[in-house]
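# Working through the structure, step by step
Next come the chains, spelled out residue by residue.
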Amino acid sequence: MAVKIRIPTPLRSVTNGADMVEVQAGTVDEALKNLCAQFSGMEKRLYKQPGELNRFVNIYVNDEDIRFLNNLQTPIKDGDDISVVPAIAGG
Amino acid sequence: MSYVLGLKCRECGEKYPQKGVHVCEVCFGPLEVQYDYAAMRGKVTRESIESKPRNLWRYRDLLPINGEPKAGLSSGWTPLRRAHNLEKVLGVKELYIKDDSANYPTWSYKERVVSVAITKAIELGYDTVGCASTGNLANSVAAHAAVAGLKAFVMIPHDLEQGKVLGSLIFGPTMVRIEGNYDDVNRLCSEIADKYKWAIVNVNLRPFYTEGAKTFGFEVAEQLGWRLPKHTVCPTAGGTILPKIYKAYQEFIDLGLVADNAPKIYSAQAAGCNPVVEAIRAGHDLIKPQKPKTIAKSIAIGNPADGFYVVQAVKQSGGWGEDATDAEIVDAIKLLARTEGTWTEPAGGTTLAATIKLINSGRIPRDESICVCITGNGLKTVEVVVDQLEPPTSIPPKLDAFDALMATYQAQQAKTPAKVPAGV
Ligand SMILES: Cc1ncc(COP(=O)(O)O)c(C=O)c1O
Ligand SMILES: [Zn+2]
């Protein structure tokens, strides 16, 4: 499946400035792994260890937090949209 | 004179200069202001603080600004009152209300964080400020931006109380209602901050913004006569204020301004949005996000960014967490009004209701000092009590009509037993 991953500012130094990266994947985990394979330095920013994201990394699939779906195992359909979003203080 | 050294990631330790960045570029962890505490010794004293004007800037040596304060010169220094009537009702020995429902100019604890953030926005050269808000923050940003002559964009969830909406609009910001809950607003704002070059106070100014919340704790300590309450109960939404009150206490202890009485801090949430309290109860620091469903809209944040630090502060202090149902929240709002003359919003009702439950369950002993953090004002949320209060009787302007009314009133009084305040 072809999916778009939206890249937030703090990660664009790793993607050579790209704010959108397209990858092939069947699950969120695969999509992120493919992203990490394309850009060196990405993996340690996203993952604490394989299968576990850093505490302050939030991932959304089509506007839904993956923790309400199937976490990293959330399946991906063609045309889905993944966002990487840092956690934000309240208000 | 500023004691600020720079910013440092709380997770991985990476250091950054003072600028508009909110997360660590290495690990996404939040950034924290670093101070030169050694240089403060002997210079930041009770006397140096007492010599400054009675507003939140009297603690400026412990706040992250480089020049003069540019906002909030009449904010902070809200009342800390001994609550004798509540003490009797709850059967406790020493209870205080720290009352930010009286925080000027928009009546919530948010003046503290916004005063620092707006000052910082000006220092960093921004001409536009913004926020993602559950209501109170937007009110405060709109008011302080108006005074400072900055453009303001405030983003809120679509379903807020009218008082919270008008309480921003009156100051003339651009307000955008987002069709979603606060967590949707938050996410959008992080993308807006990326794209537009604005100072979004709780996004890219967050490290500076959050420091302002310490002034709540500083004031409690100073107003108590340079002493800390043993137990502090505080509401939690995104998780800014609780860890910062605890940090304020620790800074005063470290600077030798107050004795270390091993203060404990407790998190209060609405039962319909209690991800932090659930984590405290379960004994882990992983916060499971929720979809909020509660009348306490100002604290309805289902995915609290700093929830982890709330759990840490609570654990480290030996405190606990407690939640309150919507009915308990309304009862507590009424109880506080009818005993202490303070009308708070649901966030305050939540905090008092949680305090009562913590006392009744024995978590907070009845014979030790307790501070209840009231962080917002009830006049902004009339919706939550409008159906809960007896409407006034209407009569013609005639004395006999009034006499007739008094007769029924007295007959009623004779029948009903002495009133016990609700919520106990
Ligand atoms: C009245 C009131 N109290 C408490 C809070 C708690 O906020 P936080 O945990 O995000 O500091 C908020 C946040 O919006 C609020 O509006
Ligand atoms: Zn880091």
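Residues numbered from 1 in each chain as written. Chains lettered and ligands numbered in written order. Predicted model: local features only at pLDDT ≥ 70, side-chain atom pairs only at ≥ 80, totals over all residues. Heavy atoms only, no water.

## With respect to the overall build of chain B
When helices and strands are tallied, chain B shows 15 helices and 13 strands. A principal-axis box enclosing the C-alpha atoms of chain B has dimensions of 75 × 45 × 45 Å. Within chain B, the proportion of its 424 residues that are buried is 59%. Residue pairs in contact within chain B that sit at least 24 positions apart in sequence constitute 69% of those at least 6 positions apart. As presented, chain B carries roughly 16,800 Å² of accessible surface, and 53% of it is formed by carbon and sulfur atoms. Here chain B carries 48 positive and 46 negative side-chain charges, and the mean point of each set is 2 Å from the other. (Helix = DSSP H or I, 4+ residues; strand = E, 2+ residues; numbered from the N terminus. Buried < 20%, exposed > 50% of the residue type's maximum accessible area, 1.4 Å probe, protein only. Contact = heavy atoms within 4.5 Å. Areas by Shrake-Rupley, 256 points an atom, 1.4 Å probe, with all protein chains shown as cover. Lys, Arg positive; Asp, Glu negative; His and termini not counted. Charge placed at Lys NZ, Arg CZ, Asp CG, Glu CD.)

## Concerning the packing of helix α13 (residues 326-340) of chain B against helix α14 (residues 346-360) of chain B
All names here are of chain B. With their axes 7 Å apart at the nearest point, α13 and α14 run at an angle of 95° to one another. On the basis of their axis angle, the class for α13 and α14 is roughly perpendicular. Where α13 abuts α14, its residues Glu328, Ile329, Ala332, Ile333, Leu335 and Leu336 lie against Pro346, Gly349, Thr350, Leu352, Ala353, Ile356 and Lys357. In terms of residue class, the contact of α13 with α14 is built from 9 nonpolar, 2 polar and 2 charged. (Axes fitted to C-alpha atoms, helices over the stretch in contact; angles between N-to-C directions. Parallel < 35°, antiparallel > 145°, perpendicular 65-115°, else oblique. Nonpolar A, V, L, I, M, F, W, Y, C, P; charged D, E, K, R; others polar.)

## Digging into the confidence of the model for chain A
Overall, the predicted model of chain A reaches an average pLDDT of 90, with 96% of residues at or above 70. Here strand β6 (residues 64-65) of chain A stands out as the element of chain A with the lowest mean pLDDT, 86, in contrast to helix α1 (residues 28-38) of chain A, whose mean of 95 is the highest. (pLDDT = per-residue confidence, 0-100.)

## Some remarks on the nonpolar core
Residue and element names in this part refer to chain B. If you look at the biggest cluster of nonpolar residues, it comprises 81 residues, and the most contacted ones within it are Val129, Val141, Ile245 and Phe252. Per element, the largest residue contribution to this core is 8 residues, and it comes from helix α10 (residues 241-254). Split by domain, this core shows at least three residues from each of two domains, domain 1 (1-40 + 65-108 + 208-424) and domain 2 (41-64 + 109-207). Setting aside chain neighbours within four positions, we find Ile245 in contact with Ala213, Phe216, Gly217, Thr232, Cys234, Ile265 and Cys373. (Core = buried A, V, L, I, M, F, W, Y, C linked by side-chain atoms within 4.5 Å. Domains from an automatic or database assignment.)

## Some details on the coordination of the zinc ion (ligand 2)
Each donor-metal-donor angle would ideally measure 109.5 degrees in four-coordinate tetrahedral geometry, or 90 or 180 degrees in six-coordinate octahedral geometry. Residue and element names in this part refer to chain B. Those donors, Cys9 (SG), Cys12 (SG), Cys24 (SG) and Cys27 (SG), are the protein atoms that reach the zinc ion (ligand 2), and they lie 2.3 to 2.5 Å from it. Around the zinc ion (ligand 2), the 4 donor atoms are arranged such that angles at the metal cover 98 to 116°; this shape is classified as tetrahedral. When the donors of the zinc ion (ligand 2) are listed by position in the chain, the intervening gaps give C-x2-C-x11-C-x2-C. Taken together, the residues span a long stretch of sequence, with Cys9 in strand β1 (residues 4-9) and Cys27 in the loop between β2 (15-16) and β3 (31-35) at a distance of 18 residues. Given the relative accessible area of 11%, Cys27 is considered buried. (Donors = N, O, S within 2.8 Å, 3.2 Å for Na, K, Ca; no water. Tetrahedral: all angles 85-135°; square planar, octahedral: opposite > 155°, others 65-115°.)

## With respect to the interface of chain B and chain A
On the chain A side, the residues contacting the 38 residues of chain B number 28 residues. Summing both sides of the interface, chain B and chain A together bury roughly 2,800 Å²; the carbon and sulfur share of this comes to 55%. Together, Phe28, Arg187 and Asp194 of chain B form the three largest contributors to the area buried by chain B at its contact with chain A, with a combined 28%. At the boundary of chain B and chain A, one finds 4 salt bridges. At the junction of chain B and chain A, the tally comes to 7 residue pairs in polar contact (both at pLDDT 80 or more). (Buried area = accessible area lost by both parts, 1.4 Å probe. Salt bridge = Lys/Arg side-chain N within 4 Å of Asp/Glu carboxyl O. Polar contact = N/O pair within 3.5 Å; in protein donor to acceptor, adjacent residues only side chain to side chain.)

## What about the domain arrangement of chain B?
Much of the literature gives interface size as the accessible area that the parts lose upon coming together. All names here are of chain B. Under the domain assignment, chain B is made up of domain 1 (1-40 + 65-108 + 208-424) and domain 2 (41-64 + 109-207). Taken over C-alpha atoms, the centre of domain 1 sits 19 Å from the centre of domain 2. Counting residues at the interface gives 75 residues for domain 1 and 58 residues for domain 2. When the buried area of domain 1 at its contact with domain 2 is split by residue, Ile65, Phe208 and Tyr209 rank highest and sum to 15% of it. The partner of Asp100 in a salt bridge is Arg112, and the shortest N-O contact between them spans 2.7 Å. Along the contact surface separating domain 1 from domain 2 lie 49 residue pairs in polar contact (both at pLDDT 80 or more). Listing elements by their share of the side of domain 1 that touches domain 2, those giving two or more residues are β1, β3, α1 (37-40), α8 (206-211), α9 (214-223) and α10. A per-element tally of the side of domain 1 that touches domain 2 places α9 first, with 6 residues. Partitioned by chemical class, the residues of the side of domain 1 that touches domain 2 number 37 nonpolar, 22 polar and 16 charged.

## Observations regarding the packing of α10 of chain B against helix α12 (residues 307-317) of chain B
The axes of two packed helices give the description: the angle between them and the distance between them. Residues and elements named next belong to chain B. Here α10 crosses α12 at 40°, and the two axes come no closer than 8 Å. By the criterion of interaxial angle, the relationship of α10 to α12 is oblique. Crossing geometry of α10 relative to α12 is assigned as left-handed. Here α10 contributes Leu242, Pro243 and Tyr246 to the contact with α12, which in turn contributes Tyr309, Val310, Ala313, Val314, Gln316 and Ser317. Of the residues assigned to the contact of α10 with α12, the class counts are 7 nonpolar, 2 polar and no charged. (Left-handed = near helix turned anticlockwise from the far one by under 90°.)

## Structural notes on the site of ligand 1
Residues in contact with ligand 1 amount to 19 residues; listed here are only the nearest, Tyr109, Asn136, Ala237, Gly238 and Thr375 of chain B. Each of chains A and B places residues next to ligand 1. The side chain of Thr134 of chain B places a nitrogen or oxygen atom 3.2 Å from an oxygen atom of ligand 1. The separation between an oxygen atom of ligand 1 and a polar main-chain atom of Gly238 of chain B is 2.8 Å. (Near = heavy atom within 4 Å.)

## Notes on the environment of Arg10 of chain B
Residues and elements named next belong to chain B. Mapped onto the fold, Arg10 is located in the loop between β1 and β2. What makes Arg10 partly exposed here is its relative accessible area of 38%. Counting along the chain gives 302 residues from Arg10 to Gln312, while the straight-line C-alpha distance between them is 13 Å. Leaving out residues up to four positions away in the same chain, Arg10 has contacts with Pro30, Glu32 and Tyr309.

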